[in-house]
Amino acid sequence: MRLANGSALNPDGRYTLVLNDFLATGGEGLALGTRALKTEVLPEGDLDAFVAYLRAQPQPVQAPTDARFVVTGAAR
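Residues numbered from 1 in each chain as written. Predicted model: local features only at pLDDT ≥ 70, side-chain atom pairs only at ≥ 80, totals over all residues. Heavy atoms only, no water.

A. Examining the overall build of the protein more closely. What the protein contains, in helices and strands, is two helices and zero strands. Its C-alpha atoms give the protein principal-axis dimensions of about 40 × 30 × 25 Å. Relative to its full complement of 76 residues, the protein shows a buried share of 3%. Charged side chains of the protein number 7 positive and 8 negative; the gap between the two group centres comes to 10 Å. (Helix = DSSP H or I, 4+ residues; strand = E, 2+ residues; numbered from the N terminus. Buried < 20%, exposed > 50% of the residue type's maximum accessible area, 1.4 Å probe, protein only. Lys, Arg positive; Asp, Glu negative; His and termini not counted. Charge placed at Lys NZ, Arg CZ, Asp CG, Glu CD.)

Listed below in structure tokens is the structure:
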């Protein structure tokens, strides 16, 4: 995994992540938020924020065309 600028993650570094409710609270048994040093619940639910964002976009909404995730090397 690399940062958006291509640099490697520092194994000892601390990073800020934004997770949706499903991942943060244990969806699929992941509970990714349980090991966080600090958590903050936003005042608006992620689905409500997403719907508001989509409504504010020019219609019809066009999906992004840039690569959001790039897989390199062999899968583990």
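B. Representation of a nonpolar patch on the surface in the model. A contiguous nonpolar patch, built from Met 1, Leu 3, Leu 9, Tyr 15, Leu 17, Leu 19, Leu 30 and Leu 32 and spanning about 800 Å² of accessible area, is present on the exposed surface. Within the fold, Leu 32 resides in the loop between α1 (21-24) and α2 (46-56). (Patch = residues over 30% accessible without salt bridge, like charges linked within 9 Å, V, L, I, M, F, W, Y side chains within 5 Å. Areas by Shrake-Rupley, 256 points an atom, 1.4 Å probe, with all protein chains shown as cover. Salt bridge = Lys/Arg side-chain N within 4 Å of Asp/Glu carboxyl O.)

C. Main features of a negative patch on the surface. Residues Asp 21, Glu 44, Asp 46 and Asp 48 make up a contiguous surface patch of negative charge. Structurally, Asp 48 is set in helix α2.

D. Up close: unusual backbone geometry. Between Gln 59 and Pro 60 the backbone carries a cis peptide bond, its omega angle lying at -5 degrees. Looking at where Pro 60 falls in the secondary structure, it is placed in the segment after α2.

E. Representation of the environment of Ala 31 in the model. For Ala 31, the position within the fold is in the loop between α1 and α2. Exposure remark for Ala 31: the relative accessible area of 22% places this residue in the partly exposed category. Expressed as a C-alpha distance, the spacing of Ala 31 and Asp 21, which sit 10 residues apart in the sequence, is 9.8 Å. The residues contacting Ala 31, other than those within four sequence positions of it, are Leu 23, Ala 24, Thr 25 and Gly 26. (Contact = heavy atoms within 4.5 Å.)

Taken by themselves, the reported measurements are silent on function.
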